[in-house]
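# Remarks on the overall topology
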Amino acid sequence: MDNFLQLTFQGMALGCVYALIGLGFVMVFKSSGVFNFAHPVFVMISAYIVAALVPHGFGWGVLVALVCMAALAIVCEKIILRRLAGRSLYVVIMATLGLSVMGQAVVAMAWGVNPRGSTEGPMGRGVLRVGGVALPWTGVWIITVSLVLLAVLYLFFQRTRYGLALRAAADHHEAALAQGINMRWVQTISWGIAGVLAVAAGVFLGAFPRRVSPDMVDTALGALPALVIGGFGSLAGAVVGGMSVGLLLVLGSGYLAEYGGVHVVLPYVAMLLVLTLRPSGLFGHHEAERI
Amino acid sequence: MPEKDVSAAAGLAVDGLTVGYRTGGLVLSEVSLTVPAGQIVALVGPNGAGKTSLLRAVSGLLKAHQGVIHKGRVTLDGDAITGADASAVVRRGLAQVLEGRQVFPNLTVRENLLTGAHTLRRDDSRRHATFEEILDLFGVLRQRLGQRAGFLSGGEQQMLAIGRALMTQPRLLVLDEPSLGLAPRIVEEISRVVQAINAKGTTVLLVEQNALLAFRIAEYGYVLEGGRVMFGGPAAELAGDERVAHYYLGGQDMSGRRARRTAERTGR
């Protein structure tokens, strides 16, 4: 039982990270119709910035990463993707893939390709003992901060006029234009929020497996099955999908250890099941093509 | 700064507008019309005449459809709004109700209405007053404020779409086929509402396929076909005009033929 609780806790922590990454994808997709393949690179760059600045203070690292990523995301949107508005989907996808490759190359130039430290900072390596269960402090931090971020995001969407504008724009693009909603603002804000989410995900991903390395891009791409499971384009779906993937991975690695690395395929099996039984995902509506 | 044309009367003026889409071809050529402040002006024409494209060109939605204004100008109360962004046009006081009751289906009725207030200055009391006025105009929406708009009936969605546009406090309201696909009783109610809105001082440009309905409530009307204004005149005269009857009966004729075909098929 203790083992199960322990694994569930770890799974939830990893699930929170996937949820944050998934939300970054969904924010951008819902506002500008772009599937941003560069998002995992944003996550990695954030982790590198924080890891590099941890010796000067964790808080400084996070602050610098937040400013850099929000700025980078907004610049990508304004300079590159806005110019591609109305071009074919493939052009836009290739542009974000190109950004991703560029980002990885820049990181390799600046920091090399070997793992560089971690982003633990004050989260530390200790454990919190609750009964017979040992909960790593990193996990406690990840779950707490993620819940706070989700709550803030929820309040932003439900209670502010910009949140309402974003939801309206995602619901019906042309009607939102006709209502005088300024789409440039909507897109800038969503990309900015995606940048902030990337920092949170980067810090947590760099603290949880305790390694900041170029592999983080692949790990972050693990959010894709989460998005499909949850229903692409749904914020709630990103959270539920992320949680499912985190739990599947960790519970799988705990209970199926004798079968080698089989847990790695579990999210993809779940994804295929969902695609077969409910193609729009658990929370998805039918996929609307943007104009 | 927008250029001020002192000679232009208050209201909307479209002058020599030529519009095309990147996908090819012109859809409007040299279209000119005016909507004097305080009036209801009807624009009628068959499917594909270019009515919706004209509205898009006026309201700034053309870009979202890969459309381009090649020539001509549009002014609202003397200010040039040719090719302006949709949000700028709404701020200048022109609101458009899109064809086909395009509500935000996943937002509640209240939220749908509040999107219209997005462009307003943070003047809560004024926004609240407008909100209440709209609910007085559309009583049925008051009982549905917390409901998701996607679950409303067609008539209710149309009223919500009009109410939502009114939340931007427009001086000119542009309606794209508000009667489309609605029961006659609802159509009657909507035309009453349009007249009530106009009576409170809002100018209305009403685009309709249903010419008789449009000319009954409008003061002036235009007939658009093949991307050109064929003719215009006082609505009362157009309603009795043979040429309009020709277009209108043309439509009737089509449906007559369709009815015959259906009868033949079912008779077999």
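Rules used in this analysis
- Residues numbered from 1 in each chain as written.
- Chains lettered and ligands numbered in written order.
- Predicted model: local features only at pLDDT ≥ 70, side-chain atom pairs only at ≥ 80, totals over all residues.
- Heavy atoms only, no water.
- Helix = DSSP H or I, 4+ residues; strand = E, 2+ residues; numbered from the N terminus.
- Rg over C-alpha atoms; globule rule 2.2 N^0.38 Å.
- 1 Å grid on protein atoms, 1.4 Å probe; cavity = no way out; pocket = protein on both sides within 12 Å on 5 of 7 lines; lining within 4 Å.
- Points joined across faces, edges and corners; volume = space filled by probe spheres on them.
- Nonpolar A, V, L, I, M, F, W, Y, C, P; charged D, E, K, R; others polar.
- Core = buried A, V, L, I, M, F, W, Y, C linked by side-chain atoms within 4.5 Å.
- Buried < 20%, exposed > 50% of the residue type's maximum accessible area, 1.4 Å probe, protein only.
- Contact = heavy atoms within 4.5 Å.
- Axes fitted to C-alpha atoms, helices over the stretch in contact; angles between N-to-C directions.
- Parallel < 35°, antiparallel > 145°, perpendicular 65-115°, else oblique.
- UniProt positions renumbered as here; feature names shortened; annotations may be inferred.
- Domains from an automatic or database assignment.
- Buried area = accessible area lost by both parts, 1.4 Å probe.
- Salt bridge = Lys/Arg side-chain N within 4 Å of Asp/Glu carboxyl O.
- Polar contact = N/O pair within 3.5 Å; in protein donor to acceptor, adjacent residues only side chain to side chain.
- Phe/Tyr/Trp six-rings, centres within 6.5 Å; stacked < 30°, edge-to-face > 60°.
- Lys NZ or Arg CZ within 6 Å of the ring centre and 35° of its normal.
- Pairing = 2+ DSSP bridges.

### Some remarks on the overall build of chain A
For chain A, the count of helices and strands is twelve helices and two strands. Secondary structure elements of chain A occur, N-terminal to C-terminal, as α-α-α-α-β-β-α-α-α-α-α-α-α-α. For chain A, the C-alpha radius of gyration of 19 Å lies close to 19 Å, the compact-globule estimate for 291 residues. Dimensions along the principal axes, computed over C-alpha positions, put chain A at roughly 60 × 45 × 35 Å.

### Re empty space enclosed by the protein
Residue and element names in this part refer to chain B. This structure, assessed with the given rule, holds one cavity of 30 Å³ or more. In terms of lining, the largest cavity is formed by Pro178, Ser179, Val187, Ile190, Ser191, Val194, Leu206, Glu208, Leu213 and Ile217. Considering each element in turn, the lining of the largest cavity owes the most residues, four residues, to helix H7 (residues 184-199). Per-class residue counts for the lining of the largest cavity are seven nonpolar, two polar and one charged.

### Thoughts on the nonpolar core
Of all hydrophobic cores here, the largest spans 94 residues; its most connected members are Ile21, Phe42, Trp191 and Phe204 of chain A. Top element by residues in this core is helix H8 (residues 183-207) of chain A. It accounts for 15 residues. Among residues more than four places away in sequence, those in contact with Trp191 of chain A are Val28, Ser32, Val34, Asn36, Phe42, Ala73, Cys76, Glu77 and Leu81 of chain A. Core analysis: the next-biggest nonpolar cluster, separate from the first, contains 46 residues, Ala42, Ala149, Val204 and Ala211 of chain B among them.

### Comments concerning the packing of helix H11 (residues 235-255) of chain A against helix H12 (residues 266-277) of chain A
Residue and element names in this part refer to chain A. The geometry of H11 relative to H12 is characterised by a closest axis approach of 9 Å and an angle of 135° between their N-to-C directions. Put simply, H11 runs oblique to H12. Between H11 and H12, the residues in contact are Val245, Leu248, Leu249 and Gly252 and Leu266, Pro267 and Ala270, respectively. Its residues placed into classes, the contact of H11 with H12 shows six nonpolar, one polar and no charged.

### With respect to the UniProt feature "transmembrane region" (unreviewed entry) in chain A
Residues and elements named next belong to chain A. The positions that UniProt labels "transmembrane region" (unreviewed entry) are, in the present scheme, residues 12-29, 34-51, 57-76, 88-113, 133-157, 189-208, 228-252 and 259-277. Across residues 57-76, the secondary structure splits into 95% helix and 0% strand, with the terminal C-alpha atoms separated by 28 Å. Along residues 88-113, the helical share is 88% and the strand share 0%, with 34 Å between the first and last C-alpha atoms.

### Side note on the domain arrangement of chain B
Residue and element names in this part refer to chain B. Assigned domains of chain B: these are domain 1 (10-93 + 172-183 + 199-248) and domain 2 (100-169). The centre of domain 1, based on its C-alpha atoms, is set 24 Å off from the matching centre of domain 2. Taken together, both faces of the contact between domain 1 and domain 2 bury some 780 Å²; the carbon and sulfur share is 66%. Between the two partners, domain 1 and domain 2, sit zero salt bridges. For the interface between domain 1 and domain 2, the tally reads one residue pair in polar contact (both at pLDDT 80 or more). Contributions of two or more residues to the side of domain 1 that touches domain 2 are made by helix H2 (86-92) and strand S7 (172-176). Per-class residue counts for the side of domain 1 that touches domain 2 are six nonpolar, no polar and two charged.

### A look at the packing of aromatic side chains
Enumeration over the complete set of coordinates arrives at six aromatic pairs over all chains. Considering the side-chain rings of Phe25 of chain A and Phe35 of chain A, the 4.8 Å spacing of their centres and the 10° angle between planes classify their relative orientation as stacked. With Phe25 of chain A in helix H1 (residues 2-32) and Phe35 of chain A in the loop between H1 and helix H2 (39-53), this pair connects stretches of sequence that are ten residues apart. Among the residues examined, Phe25 of chain A registers a relative accessible area of 0% and is labelled buried. Measuring from centroid to centroid gives 4.8 Å for Phe35 of chain A and Phe37 of chain A, while their planes differ by 65°, and the two rings are edge-to-face. According to the relative accessible area criterion, Phe37 of chain A is partly exposed, its value standing at 24%. Taken together, the ring pairs in this structure connect Phe25, Phe35 and Phe37 of chain A into an aromatic cluster. One residue, Arg164 of chain B, lies across the ring of Phe104 of chain B, its end atom 4.6 Å from the ring centre.

### Remarks on unusual backbone geometry
Residue and element names in this part refer to chain B. At Glu30, a position not held by glycine, the phi torsion is positive, near 50°. Note that Glu30 resides in strand S2 (residues 26-36). If you check the backbone angles, Gln169 has positive phi at about 50° while not being a glycine. Among the structural elements, Gln169 can be located in the loop between helix H6 (154-166) and S7.

### Some remarks on the sheet that holds strand S9 (residues 220-225) of chain B
By definition, the strands of a sheet pair up through backbone hydrogen bonds, in either a parallel or an antiparallel sense. All names here are of chain B. Pairing in this open sheet of six strands is mixed, and the strands run S6-S7-S8-S3-S9-S10 from one edge to the other. Edge strands, defined here as strands with exactly one partner in the open sheet, are strand S6 (94-97) and strand S10 (228-234). Each strand axis lies, on average, 15° off the axis of its neighbour in the sheet, ignoring direction. In terms of strand pairing, S7 meets strand S8 (residues 203-208) through five bridges, oriented parallel. Along S8, the bridge assignment pairs Leu172 with Thr203. Each of S6 and S7 is contacted by H6, which is oriented at about 170° to S6, the strand it contacts most.

### Quick look at the interface of chain B and chain A
Taken together, the contact pairs 29 residues of chain B with 22 residues of chain A. Note on chain B versus chain A: buried area summed over both sides is about 2,300 Å², and carbon and sulfur give 56% of it. Summed over the shared surface of chain B and chain A, the result is two salt bridges. Note that Arg184 of chain A and Asp85 of chain B form a salt bridge whose closest N and O atoms lie 3.9 Å from each other. There are five residue pairs in polar contact (both at pLDDT 80 or more) connecting chain B and chain A. For the side of chain B that touches chain A, the elements supplying multiple residues, two or more each, are H2, helix H3 (109-115) and H6 of chain B.

### Overview of the sheet that holds strand S5 (residues 79-80) of chain B
Residues and elements named next belong to chain B. Spatially, S2-S1-S4-S5 is the arrangement adopted by the four strands of the open sheet, whose pairing is antiparallel. A strand with exactly one partner marks an edge of an open sheet, and here the two such strands are S2 and S5. With seven bridges connecting them, strand S1 (residues 11-21) and S2 associate as antiparallel partners. When the bridges of S2 are listed, Gly20 appears paired with Leu26. Where helix H1 (residues 51-59) meets the sheet, its contacts fall on S1, S2 and strand S4 (67-76), and the angle it forms with S1 comes to roughly 115°.

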